[in-house]
Amino acid sequence: MLLLSPGNVNDGTMATALVAAAGPIRQLMADRAYDANALRAWLAERGTEAVIPSTRSRKVPIPHDRALYRQRN
């Protein structure tokens, strides 16, 4: 499946559509661009672990599995 968006659209905007199209997944490994409370809540509802580092602007960083995150590429 291929989903296209305009070049000026934030990555996080398409995240739910991409994950939904992928089917059931246990973990989502993504970069800081995907660090959004709404996405994290949506993933938790689906039983999907978010392996996403927090943005630097977060006052209280959300922990993530660093070893697993390094394997994302």
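Because the structure is a prediction, the values reported are computed rather than measured.

Membership of the largest hydrophobic core is limited to 9 residues, which are Ala15, Val19, Leu28, Ala30, Tyr34, Leu39, Leu43, Ala50 and Ile52. Non-local contacts of Leu28, meaning those with residues more than four positions away in its chain, are made with Val19, Leu43, Thr48, Glu49, Ala50, Val51 and Ile52.

Time to look at the side chain of Thr48. As for its position among the elements, Thr48 is in the loop between α2 (37-45) and β2 (49-51). Residue class for Thr48 comes out buried when judged on its relative accessible area of 7%. Among the polar contacts listed, one links the side chain of Thr48 to the backbone oxygen of Ile25, at a separation of 3.0 Å.

Parameters and conventions
Residues numbered from 1 in each chain as written. Predicted model: local features only at pLDDT ≥ 70, side-chain atom pairs only at ≥ 80, totals over all residues. Heavy atoms only, no water. Core = buried A, V, L, I, M, F, W, Y, C linked by side-chain atoms within 4.5 Å. Buried < 20%, exposed > 50% of the residue type's maximum accessible area, 1.4 Å probe, protein only. Contact = heavy atoms within 4.5 Å. Helix = DSSP H or I, 4+ residues; strand = E, 2+ residues; numbered from the N terminus. Polar contact = N/O pair within 3.5 Å; in protein donor to acceptor, adjacent residues only side chain to side chain.

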